[in-house]
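The lines below spell out each chain.
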Amino acid sequence: MGFSKLKPGDDHYMAYVGPPTQYDFMGATQFRLLCTLGLRAHHTLLDFGCGSLRAGRLFINYLDEGRYFGIEPNKWLIDDGIANQLGNDIIQLKKPTFDYSDDFSVNFDRKFDFIIAQSIFSHAGSDLVRIAIPNLVDSLKDDGIIAMTFVEGASSSTKMGWVYPECVEFTPREISEILGCAGVFARKIPWYHPRQSWYLLAKSIDKLPDESMNPSLTGAVLFDPEFAKSVKTGDRTKSRARKFINSILSPGVKHGVNQ
């Protein structure tokens, strides 16, 4: 069966983690976001709920040896991701570390520069979210950043525990309350996600981008109708984009002259 015929949650490494036709995009958008936030090869990264290495295959190749750490209770997902996307040679070269715990703990004896939890709390009741987030914060360096997603809704879900492949919604107010209890600074950012909202957490408010940086945090995908909503095409946006382009081009380039 071609992966495009699979449904989210099906027993296949590209489908179990979400829409299989978006496997490439969902990995790439996470990679783009963290690089925009400052991730570099020497940093340490915790991929919380790394699944079949949808994003991990990019991070592992990018980061220096021994800098990638993933937590995923379904070992078969990691095994299939390595077999079909990475290969054992890269694993031997980059030496990522994996943990298969399922209790939302972080058992690595280190602090991380970056932590990402994409589409984990979209399937977890508030009981698990309130366990996981303090564990992530405890594992973060003082100057680190956590990026995570939630499904926002008009009312909070009453579901508890792990409900995958069902989804759990939280109101913005409840998300703010949960993050506030974690003792960190938090901010929602406009980075595009087809179904969820991105939030950033940090121990230092100086590590969080302010609203003036929003134009650099859109996650826009150009020339792809499936993700057309990621692109803001209003007149004001076009005008700002044109002004920005003109501001960085030399006079000769503005007028089409090669210099």
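Check the entry above for the structure.
The model shown is predicted, which means the values in this text are computed figures rather than measured ones. (Residues numbered from 1 in each chain as written. Predicted model: local features only at pLDDT ≥ 70, side-chain atom pairs only at ≥ 80, totals over all residues. Heavy atoms only, no water.)

K.L.:
How would you summarise helix α1 (residues 23–36) if you had to cite specific residues and measurements?
P.N.:
A rise of 1.5 Å per residue sets the reference length of α1, with its 14 residues, at 20 Å; its end C-alpha atoms lie 20 Å apart and thus fit the reference within 8%. Within α1, burial applies to Y23, F25, M26, G27, T29, Q30, L33, L34 and C35. Within two residues after α1, G38 carries a phi angle of roughly 115°, on the positive side. (Helix = DSSP H or I, 4+ residues; strand = E, 2+ residues; numbered from the N terminus. Expected span 1.5 Å × (residues − 1). Buried < 20%, exposed > 50% of the residue type's maximum accessible area, 1.4 Å probe, protein only.)

K.L.:
Give me the pattern of salt bridges: which residues, what numbers.
P.N.:
Inspection of every chain in the model, using the stated rule, returns 6 salt bridges. For D79, the salt bridge is made with K75, and the minimal N-O distance between the two is 2.9 Å. Within this pair, D79 and its partner K75 are both found in helix α3 (residues 75–86), separated by 4 residues, close to a single helical turn. Assessed through its relative accessible area of 32%, D79 is described here as partly exposed. In this structure, E152 and K188 form a salt bridge, with 2.9 Å as the shortest nitrogen-oxygen distance. Separated by 36 residues along the polypeptide, E152 in strand β5 (residues 140–152) and K188 in strand β7 (residues 185–189) bring together distant segments of the chain. (Salt bridge = Lys/Arg side-chain N within 4 Å of Asp/Glu carboxyl O.)

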